[in-house]
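Architecture at a glance
Residue strings, one per chain:
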Amino acid sequence: MKEVYNNILEAILNNKKLLAILIDPDKFSVDNTASFIKKVNMSVATHIFVGGSTVEEHVTEIVVSEIKKHTYLPVVLFPGDVSQITKEADALLFLSLISGRNPEYLIGKHVEAVSKLKKTNLETIPTGYVLIENEKKTAIEEVSKTTPMSRTNIQKIVDTVIAGELLGMKLMYLEAGSGAKESLNQEIISSVKKELKIPLIVGGGIRSKSELENAYKSGADMVVVGTVLEEDESFFDNLQM
Ligand code: 1GP
């Protein structure tokens, strides 16, 4: 059943905050799947995202199949490339990097993905992806060869997400970049939230409970955390029911 997106909408209507745990197959040991996913299951996490900027062919499929053996949570692909598409997942964020001006990440990869998608039953969710600068160059910036948006030009960020919404995107992902030095500030998140009608996902560089709470308070419907758990699984203590 293709219900991931509808369940997100329903959760938001019920004022439920959503949390996605991001697993980068490139930095994840498959042998650790059972123990890691057990911690995810016992936490407040509502989704598992799987993806990374540079992942070898077929690795995503192996990781997703293994994760699915241990959880009922929806597993959503957050792919850095077409090679990361696998039928084993429940849904796919069909990302358009609308902060950038590289046609490959606006339409090129999408065209390339179609023949692969036709062979799956994946729920495909059109998602605007907006990369915002942080103090260091992140992998996404490097791989996509795009310039992130300035943190100070908030009006341009707002106009960008609204343009994405008008183009028909169903989710909007505000991204500071994996392992960002600084997560996105309240002003950026709340300014976007004020104008946006579709669900807002926020991620990148969240390393503390207060940053997580601030993201929700500022208007994020879903927050994504990855690096902090790769570095130290004791962060799950902050994610208890
Ligand atoms: C990266 O937004 C996600 O694409 C999560 O970022 O790894 O810094 O938590 P972190």
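Above this text sits the structure in question.
A short tour of the structure in this document, coming up. (Residues numbered from 1 in each chain as written. Predicted model: local features only at pLDDT ≥ 70, side-chain atom pairs only at ≥ 80, totals over all residues. Heavy atoms only, no water.)

Digging into helix α1 (residues 4-13)
- Listed in full, the buried residues belonging to α1 are Val 4, Tyr 5, Ile 8 and Ala 11. With its buried residues spanning 125° around the axis, α1 presents them on a single face.
- Following α1 by one or two positions, Asn 15 has its phi on the positive side, about 60°. (Buried < 20%, exposed > 50% of the residue type's maximum accessible area, 1.4 Å probe, protein only. Helix = DSSP H or I, 4+ residues; strand = E, 2+ residues; numbered from the N terminus. Arc of directions from axis to C-beta.)

Digging into the pairing of strand β6 (residues 171-175)
- Judged by how many residues are buried, β6 sits mostly within the fold: five of five residues are covered.
- Burial along β6 is two-sided: the residues Leu 171, Tyr 173 and Glu 175 and Met 172 and Leu 174 are all buried.
- In the sheet, strand β5 (residues 123-131) pairs with β6 via five bridges, with the strands oriented parallel. Bridge assignment links Gly 128 to a residue of β6, and that residue is Met 172.
- Pairing between β6 and strand β7 (residues 200-203): four bridges, direction parallel. (Pairing = 2+ DSSP bridges.)

Thoughts on the pairing of β5
- Within β5, seven of the nine residues are buried, which leaves the element mostly enclosed by the surrounding structure.
- Remark: the strand β4 (residues 91-97)/helix α4 (residues 103-118)/β5 crossover connection has right-handed handedness. (Right-handed = clockwise from strand over helix to strand, strands pointing away.)

Some words on the site of the ligand
- The environment of the ligand is formed by 14 residues, the closest being Glu 175, Gly 179, Gly 205, Gly 226 and Thr 227.
- At 2.7 Å from an oxygen atom of the ligand is found a main-chain nitrogen or oxygen belonging to Gly 179.
- Between the ligand and the protein, one listed contact pairs an oxygen atom with a side-chain N or O atom of Thr 227 at 2.5 Å.
- Protein burial of the ligand: of its 300 Å² of free accessible surface, 98% is covered by the chains. (Near = heavy atom within 4 Å. Polar contact = N/O pair within 3.5 Å; in protein donor to acceptor, adjacent residues only side chain to side chain. Areas by Shrake-Rupley, 256 points an atom, 1.4 Å probe, with all protein chains shown as cover.)

Notes on the nonpolar core
- Leu 19, Ile 21, Phe 36, Val 40, Ile 48, Leu 174 and Leu 229 are the most contacted members of the largest nonpolar core, which totals 57 residues.
- The element that contributes the greatest number of residues to this core is helix α6 (residues 154-166), accounting for five residues.
- Excluding residues within four positions of it along the chain, Val 40 makes contact with Ile 21, Ala 45, Ile 48, Leu 73 and Phe 236.
- Counting residues in hydrophobic clusters, the runner-up holds 24 residues, among them Ala 91, Leu 93, Leu 95 and Leu 131. (Core = buried A, V, L, I, M, F, W, Y, C linked by side-chain atoms within 4.5 Å. Contact = heavy atoms within 4.5 Å.)

Some details on the side chain of Asp 24
- Relative to the assigned elements, Asp 24 resides in the loop between β1 (18-23) and α2 (33-41).
- Those residues in contact with Asp 24, other than ones at most four positions away along the chain, are Gly 51, Gly 52, Val 55 and Glu 230.

What about the pattern of salt bridges?
- A complete count under the given rule lists nine salt bridges for this structure.
- Measuring nitrogen to oxygen at the nearest pair gives 3.6 Å for the salt bridge that ties Lys 27 to Asp 24.
- Glu 88 serves as the salt-bridge partner of Lys 87, at 3.2 Å between the closest nitrogen and oxygen.
- For Glu 88, a relative accessible area of 29% corresponds to the partly exposed category. (Salt bridge = Lys/Arg side-chain N within 4 Å of Asp/Glu carboxyl O.)

Digging into the sheet that holds β6
- Pairing is parallel around the closed barrel formed by eight strands, whose spatial order is β1-β2-β3-β4-β5-β6-β7-β8. The average angle at which neighbouring strand axes cross in this sheet is 30°, direction not considered.
- Sheet topology note: the strand β2 (residues 47-50)/strand β3 (residues 75-77) ladder contains three bridges and is parallel. Opposite Phe 49, over in β3, you have Val 76 as the bridge partner.
- Strand contacts of α1: β1, β2, β3, β4, β5, β6 and β8 (222-225), with the helix running at about 60° to β5, the strand carrying the most contacts. (Axes fitted to C-alpha atoms, helices over the stretch in contact; angles between N-to-C directions.)

Quick notes on the environment of Val 75
- Looking at where Val 75 falls in the secondary structure, it is placed in strand β3.
- Along the backbone, Val 75 and Glu 135 are 60 residues apart, and their C-alpha atoms lie at a distance of 30 Å.
- Not counting the four nearest positions on each side in its chain, Val 75 is found in contact with Ile 48, Val 50, Val 64, Ile 67, Lys 68, Ala 89, Asp 90 and Ala 91.

Let's talk about the packing of α6 against helix α7 (residues 186-195)
- Viewed as axis vectors pointing N to C, α6 and α7 meet at an angle of 40°, and their least axial separation amounts to 9 Å. In terms of orientation, α6 and α7 fall into the oblique class. In the crossing of α6 with α7, the sense of the turn from one axis to the other is right-handed. Judged by residue contacts, Ile 154, Ile 157, Val 158, Val 161, Ile 162 and Glu 165 of α6 engage Glu 187, Ile 188, Ser 191, Val 192 and Glu 195 from α7.
- The class makeup of the residues in the contact of α6 with α7 is seven nonpolar, one polar and three charged. (Parallel < 35°, antiparallel > 145°, perpendicular 65-115°, else oblique. Left-handed = near helix turned anticlockwise from the far one by under 90°. Nonpolar A, V, L, I, M, F, W, Y, C, P; charged D, E, K, R; others polar.)

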